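# Breakdown of the fold
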Amino acid sequence: MKALEPISIAGVVVPNRVVRTAHSTHFGAGGIDASLIDYHVERARGGVGLTILEIAGVHPTCPSSICNFDDSIIDGYAQLMAAVRPHGMRMFQQLWHAGHNGVPLGGGTPWSSCDLPSPVLGVVPIAMSKAQIDEVVAAFAAAARRCKEGGIDGVELHASHGYLPQQFMSRMLNRREDEYGGSFENRMRFTVEVLSAIREEVGSDYPVGVRLSPEIVEGGMTPEETAQAARYLEERGLIDFLDVSMGGYFAFPNMIGGMFEPAGYELPTSAPVTAAVKVPRIVTGRFRTLEEVSQVISEGTADLVGMTRAHIADAAIVRKTREGRQAEIRPCIACNQGCVGMLLGPERRMGCTVNPYIGREGELHDEKLPQPDRRRRVLLNPLMQVLASVASV
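The present account deals with the structure reproduced in this document.

Reading the values: the criteria
- Counting from 1, residues in each chain are numbered in the order their sequence is written.
- Local features in a predicted model are, by the rule used here, given only for residues with pLDDT of at least 70; side-chain atom pairs are given and counted only at 80 or more, and totals for whole chains, interfaces and linings are based on all residues.
- In computing side-chain values, all of the structure's heavy atoms are included and hydrogens and water are not.
- Note on ring pairs: Phe, Tyr and Trp rings are taken, using the six-membered ring of Trp, and paired if centres are within 6.5 Å. Classes follow the plane angle, with under 30 degrees stacked, over 60 edge-to-face and the rest tilted.
- Runs of E in the DSSP output that reach at least two residues are strands. Runs of H or I that reach at least four are helices, and both are numbered from the N terminus.
- Each residue's exposure class comes from its accessible area (1.4 Å probe, protein chains only) as a fraction of the maximum for that residue type: buried when under 20%, exposed when over 50%, partly exposed otherwise.
- In this scheme, Lys NZ or Arg CZ marks a charge over a ring once it lies within 6 Å of the ring centre and within 35 degrees of the ring normal.
- Every residue pair with non-hydrogen atoms within 4.5 Å of one another is taken to be in contact.
- The definition of a polar contact used here is a pair of N or O atoms within 3.5 Å, where within protein one atom must be able to donate a hydrogen and the other to accept one, and adjacent residues in sequence count solely through side-chain atom pairs.
- One less than the residue count of a helix, multiplied by 1.5 Å, gives the span that helix is expected to have.
- The convention used is that axes are lines fitted to C-alpha atoms, helices contributing only their stretch in contact, and that angles between N-to-C directions extend from 0 to 180 degrees.
- Each angle is binned into one of four classes, with values under 35 degrees roughly parallel, values over 145 roughly antiparallel, values of 65 to 115 roughly perpendicular, and all other values oblique.
- By definition, any crossing whose near helix is turned counterclockwise from its far helix by less than a right angle is left-handed, and any crossing with a clockwise turn is right-handed.
- Gly falls in the polar group here, along with every residue not listed as nonpolar (Ala, Val, Leu, Ile, Met, Phe, Trp, Tyr, Cys, Pro) or charged (Asp, Glu, Lys, Arg).

### Digging into the packing of aromatic side chains
Aromatic rings considered in pairs are described by the distance between their centres and by the relative angle of their planes. Considering all chains together, one arrives at eight aromatic pairs under this definition. Judged by centre distance (4.4 Å) and plane angle (15°), the ring pair of Phe168 and Phe190 falls under stacked. Of this pair, Phe168 sits in helix H4 (residues 164-169) while Phe190 sits in helix H5 (residues 184-202); the two residues are 22 residues apart in sequence, bridging distant segments of the chain. Each of the two residues, Phe168 as well as Phe190, counts as buried. Feature note: the residues Trp96, Tyr163, Tyr249 and Phe252 constitute an aromatic cluster, connected by ring pairs. The lysine or arginine in question, Arg236, covers the ring of Tyr232, its NZ or CZ lying 3.5 Å from the ring centre.

### Details of the environment of Val208
Along the polypeptide, Val208 turns up in strand E10 (residues 208-212). For Val208, a relative accessible area of 0% gives the class buried. Along the backbone, Val208 and Leu242 are 34 residues apart, and their C-alpha atoms lie at a distance of 9.2 Å. When residues no more than four places from it in sequence are discounted, the contact partners of Val208 are Val155, Leu195, Ile198, Arg199, Val202, Leu238, Ile239, Asp240 and Phe241.

### Section: the side chain of Ser64
Summarising the element assignment, Ser64 is placed in the loop between strand E4 (50-57) and strand E5 (66-67). A polar atom in the side chain of Ser64 sits 3.4 Å from the backbone oxygen of Ile55. At a separation of 2.5 Å, a polar atom in the side chain of Ser64 contacts the main-chain carbonyl oxygen of Ile66.

### A word on helix H6 (residues 223-235)
One full turn of an α-helix is made of 3.6 residues, so residues set three or four places apart face in the same direction. With 13 residues, H6 ought to run about 18 Å at 1.5 Å a step, and its terminal C-alpha atoms sit 18 Å apart, in line with that. Here H6 has its buried residues at Pro223, Thr226, Ala227, Ala229, Ala230, Tyr232, Leu233 and Glu234. Against the buried residues of H6 lie H4, H5, E10, strand E11 (241-244) and helix H8 (267-274). Of the residues trailing H6, Gly237 is marked for its positive phi of about 70°.

### Some words on the packing of helix H1 (residues 34-45) against helix H2 (residues 73-84)
Two numbers describe how H1 lies on H2: the axes approach to 9 Å, and their chain directions differ by 25°. One finds that H1 runs roughly parallel with respect to H2. Crossing of H1 over H2 shows right-handed handedness. Of the residues in H2, those touching H1 at Ile37, His40, Val41 and Ala44 are Gln79, Leu80, Ala83 and Val84. Residues belonging to the contact of H1 with H2 are distributed by class as follows: six nonpolar, two polar and no charged.

Fair warning: the whole summary comes from geometry, so function is off the table for now.
Right, here's the structure in full:
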């Protein structure tokens with residue numbers, strides 16, 4: 001099965017092609033805490049090949065649930081890696097600045113490529129000066145250095161979903177008239193400077209990648225323009241892998257497709273981008289089984305495939321598949337009520353409609369459930385039988 005074959009990314013051997021792309025949990029509370037470690041350890045035990053850790057804000061103008069602002073984060077990374085390393089799972093850290101979509105630490109005005117307001121906040125941002133650009137570029141490089149020192153296996157620049165690098169790359173989001181705006185080369189300048197600074201900081205033997213996405217909105221980056229950006233970065237030796245998503249805050253439903261979307265719903269816009277480069281490529285889009293992953297790889301569209309929400313629903317998909325226990329896999333129903341809805345609710349922590357263990361993996365999982373002292377027979381009424389059969393589809 002293609003999904004179970006190993007692959008090397010800049011010398012880092014990933015044991016299989018199953019990826020958990022970066023996704024917010026809000027377990028970290030600004031750092032790496034026990035619940036975040038337990039959450040990832042459970043997926044490592046389940047056999048995932050590569051996890052890309054949720055967004056790490058690199059500068060105080062854009063805090064996140066993991067704040068990589070100073071060296072205090074290094075010990076947390078070391079603890080996380082010591083816990084997951086025995087299980088073979090590789091971990092990269094996604095480095096992030098939201099630009100006009102984020103609120104600075106302690107309040108204040110967001111920084112962006114220009115003064116175009118965010119579709120989320122509606123706040124007019126500061127058009128970054130050259131000094132501010134240089135400050136953020138240096139912050140990305142320093143954050144990458146902390147990842148390496150903490151034992152993280154690689155880093156990914158989040159340059160998609162309308163965040164700061166894409167605010168420079170996209171002609172829709174960039175109205176500058178200096179060397180960072182106008183032509184394609186000028187709009188790519190910020191991202192090139194960030195990746196160049198990261199590469200200089202961590203060296204040539206440390207995996208550095210980028211996440212890109214067509215914006216799927218009139219005037220935004222098309223798949224063809226996104227492919228041009230990917231090729232531009234690869235030709236300059238700045239990336240060791242490419243991760244392709246879709247959408248942004250002007251097309252939010254495309255980022256995390258609901259249950260009405262089929263498996264691989266992003267492939268029509270991702271395939272033109274992945275076809276433009278030779279480095280290992282990651283795609284995502286509601287994949288639920290290793291058979292679906294293997295098909296995408298066999299077709300040549302990608303080299304690794306994201307099964308992110310699927311592994312929120314069931315941490316042991318890879319292990320259960322290897323053991324021939326596919327019927328025991330708890331399926332993701334793509335309702336987005338726990339993995340997205342609970343992040344926006346009062347608790348501000350990720351959950352899952354079908355997996356009650358989320359955020360409590362250190363206390364409880366399937367293997368820790370109390371076992372009955374004897375077998376019993378359970379009678380299901382007809383409605384429950386119908387629901388059970390639908391859930392297994």
